[in-house]
Amino acid sequence: HCPIMSPVPISQINTGHIDDVQELRKAKPTLVPERFVRDATERPTLQSANRFPTACAVLDHDSYEVPIIDFSKLMKVDEDEGSWRAEILKLKRACQDWGFFQVVNHGIDLSLVEGIEEVAKEFFMLPLEEKQRYPMVAGTVQGYGQAFVFSEDQKLDWCNMFALGVEPQFIRNPKLWPKNPPKFSGTVDDYSREVRKLCQNLLNSIAITLGLKEGTFNEMFGVGVQAIRMNYYPPCSRPDLVLGLSPHSDGSALTVLQQGKGSSVGLQILKDTKWVSVQPVPNALVINIGDTLEVVLTNGKYKSVEHRALTHKEKDRLSIVTFYAPSYEVEIGPLPEMVDEINHPCTYRRYNHGEYSKHYVTSKLQGKKTLDFAKIIN
Ligand SMILES: O=C(O)CCC(=O)C(=O)O
Ligand SMILES: [Fe+2]
C-alpha cells in the first residue's frame, strides 16, 4: 500500500467548499472569508507561541539568524581537513540548536534552480480550469489544491499547492504530471535528481556529526521516497489574520526548501518559544530536519522543528519543497548508538516508515502532534 497515493478512503471526508486563493484574490481582493481567519491564539501578530511559557522572551530573537552552511566545504574532506572539520562542527550545532539551516554552494546548477521556479510560477499562473485537470482529491496529497484538509470546520491556509510523488517510480501518478508548461516534467525530474544527491550527501555529513559511519542513514533508507510540493501564496489583504501554511513539522527525514526569488519573507520557525523569520539568502537552499530523523536516527538528539508560513499584503510568494524519507518498508526506530539507558533512554518506538507516512498524511497540520505516533509515553 502506498501512503502517498490514496491515504484515506475518500468517502469519509467532507471538506466543504475550498476556495482557490488565487481566484479569491482576483475576484475579491479585500475579502478574507471566515474559514481563513485564524483564532486569536494562532494569528501571526502574536509574537510567541501561546502554548509555551515565555521564559525565553527576554532573548532578542529578532537578531537570530538561521545558520548558514557552506556545502562545498563539507565535500572537501581530503583537500582541506581543517575547514572540513570546522564546517562539520557548524553543521552539528545547526542540527542541535536549530534543526534548520541554509546551504550555500550546494552545487545545484543555477539554471535548474531558476528553471524549477519558472515552471512552478508558470503552472500556478495557468487558468484554474487547466490546473484543476490535476486535482488533489480530498484525503490525498498529490495534485493541485489544498492538502491536509479533512473536515468542514477546519481553518484553511492562504495557499495553493501542487504536489507530486517523484521517487521511487511506483509512487508517481502520471496523470498528475502536467503537459503544460511543456518543460515542467523534465525540469522537475532534473531538479529532483540533483536535490536527491544533495540530501544523500547531507545525510552522510549529518551521520558524521553524530559520530556514526558516513553511510549509516543512506544504507538504512534504501531507495528513499522523494516528493515535491510547490506552494504559492498570493498576497492577502489581511496578513495579520491568516496563515499561509499552518504550523507543522515535516514527516520527512530531510526537507529542502527553495524560496522563490523576489518572494516576500514568509517562512518562520519556532525557536525557543518564539517565531523567527528565515531571511532568504540568494541562491541558498533551506534545509530542515524532519520527524523521521528525530526519531529514527537520533533518539531525539536532533529535533524536527515546527515551522509555518505567513502571507504579505502586496507581495506573493513561492516555495518549492522537496521531502526526502526512507523507503516505506524500512523499519524505523532509534539507532542503538543513540540510546543509553541512563542518559538517553529510548523515547521512541520502532515502526514501519510507510505506517508513519500514512499517519502523517491523514492528519491535519498541527505542530508536532503527528510525532506522538512514535513516542513512548511513560
Ligand atoms: O513555504 C514555506 O516556506 C514553508 C513550506 C513548508 O513548510 C512545507 O511545504 O512543508
Ligand atoms: Fe514544512
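What counts and what doesn't
- Counting starts from 1 at the beginning of each chain's written sequence and moves along it residue by residue.
- Chain letters and ligand numbers both follow the written order, the letters beginning at A and the numbers at 1.
- pLDDT decides what is reported in this predicted model: residues at 70 or higher carry local features, side-chain atom pairs at 80 or more are listed and counted, and totals for whole chains, interfaces and linings draw on all residues regardless.
- The side-chain figures draw on all heavy atoms in the structure; neither hydrogens nor water molecules are used.
- For each residue, the test is whether any non-hydrogen atom lies within 4 Å of the molecule or strand; if one does, the residue is near.
- What qualifies as a polar contact is a pair of N or O atoms within 3.5 Å, subject to a donor-acceptor requirement within protein and to the restriction that residues adjacent in sequence count only when both atoms come from side chains.
- Helix numbering and strand numbering both begin at the N terminus, where a helix is a DSSP run of H or I of at least 4 residues and a strand a DSSP run of E of at least 2.
- Classification convention: Asp, Glu, Lys, Arg as charged; Ala, Val, Leu, Ile, Met, Phe, Trp, Tyr, Cys, Pro as nonpolar; all other residues, Gly among them, as polar.
- Only strands that DSSP links by at least two bridges are regarded as paired with each other.
- Lines fitted to C-alpha atoms define the axes, with helix axes restricted to the stretch in contact, and inter-axis angles between N-to-C directions lie between 0 and 180 degrees.
- Any N, O or S atom lying within 2.8 Å of the metal counts as a donor, with the limit raised to 3.2 Å for Na, K and Ca; because water is left out of the atom set, some sites can appear incomplete.
- Whether a residue is buried, partly exposed or exposed follows from its accessible area with a 1.4 Å probe, protein chains only, as a fraction of its type maximum: under 20%, in between, or over 50%, in that order.
- Every case where a carboxyl oxygen of Asp or Glu lies within 4 Å of a side-chain nitrogen of Lys or Arg is listed as a salt bridge.

## Description of the site of ligand 1
Logical step 1: Surveying the vicinity of ligand 1 reveals 13 residues, the closest of which are Arg 229, Tyr 233, His 307, Arg 317 and Ser 319.
Logical step 2: Here an oxygen atom of ligand 1 and a side-chain polar atom of Asn 231 are 3.1 Å apart.
Logical step 3: Mapped onto the shell around ligand 1, the elements with two or more residues apiece are β5 (225-233), β6 (245-248) and β12 (317-325).
Logical step 4: Among the elements that make up the shell around ligand 1, the one with the highest residue count is β12 (four residues).
Logical step 5: Classifying every residue of the shell around ligand 1 gives six nonpolar, four polar and three charged.

## What about the sheet that holds strand β9 (residues 274-277)?
Logical step 1: Across the sheet, which stays open at both edges, the four strands sit in the order β6-β11-β8-β9 with antiparallel pairing between neighbours. Of all the strands in the sheet, the pair left with one neighbour each is β6 and β9. Going from strand to strand, the sheet's axes swing by 25 degrees on average, the running direction of each strand aside.
Logical step 2: Summarising the sheet, β6 and strand β11 (residues 307-309) pair through two bridges and their orientation is antiparallel. Residue His 248 lies in a different strand from β11, and its bridge partner there is His 307.

## Description of the coordination of the iron ion (ligand 2)
Logical step 1: Within the protein, the atoms that donate to the iron ion (ligand 2) are His 248 (NE2), Asp 250 (OD) and His 307 (NE2), at distances of 2.1 to 2.2 Å.
Logical step 2: All donors of the iron ion (ligand 2) come from a single chain, and their spacing in sequence reads H-x1-D-x56-H. In this structure, His 248 and Asp 250 share a single accessibility class: buried.

## As for the environment of Ala 227
Logical step 1: Mapping Ala 227 onto the fold places it in strand β5.
Logical step 2: Ala 227 gets classed as buried once you look at its relative accessible area, which sits at 14%.
Logical step 3: A sequence separation of 96 residues divides Ala 227 from Phe 323, and the C-alpha atoms of the two residues are 5.3 Å apart.

## Considering the pattern of salt bridges
Logical step 1: One pass over the structure, following the stated rule, counts 16 salt bridges.
Logical step 2: Arg 172 is the salt-bridge partner of Glu 167, the closest N and O atoms lying 3.7 Å from each other.
Logical step 3: Using a relative accessible area of 15% as the deciding quantity, one classes Arg 172 as buried.
Logical step 4: Linking Lys 213 and Glu 219 is a salt bridge whose minimum nitrogen-to-oxygen distance equals 3.9 Å.

## A short note on the pairing of strand β10 (residues 285-289)
Logical step 1: In terms of burial, β10 is largely enclosed, as five of its five residues are buried.
Logical step 2: Side chains of β10 alternate between two faces, with Leu 285, Ile 287 and Ile 289 and Val 286 and Asn 288 buried alike.
Logical step 3: Pairing of strand β2 (residues 100-104) with β10, which is carried by four bridges, proceeds in the antiparallel orientation. Paired with Val 103 across the bridge in β10 is Leu 285.
Logical step 4: Judged from the four bridges that link them, strand β7 (residues 254-259) and β10 form a sheet pairing that is antiparallel. Bridged to Leu 257 within β10 is Val 286.

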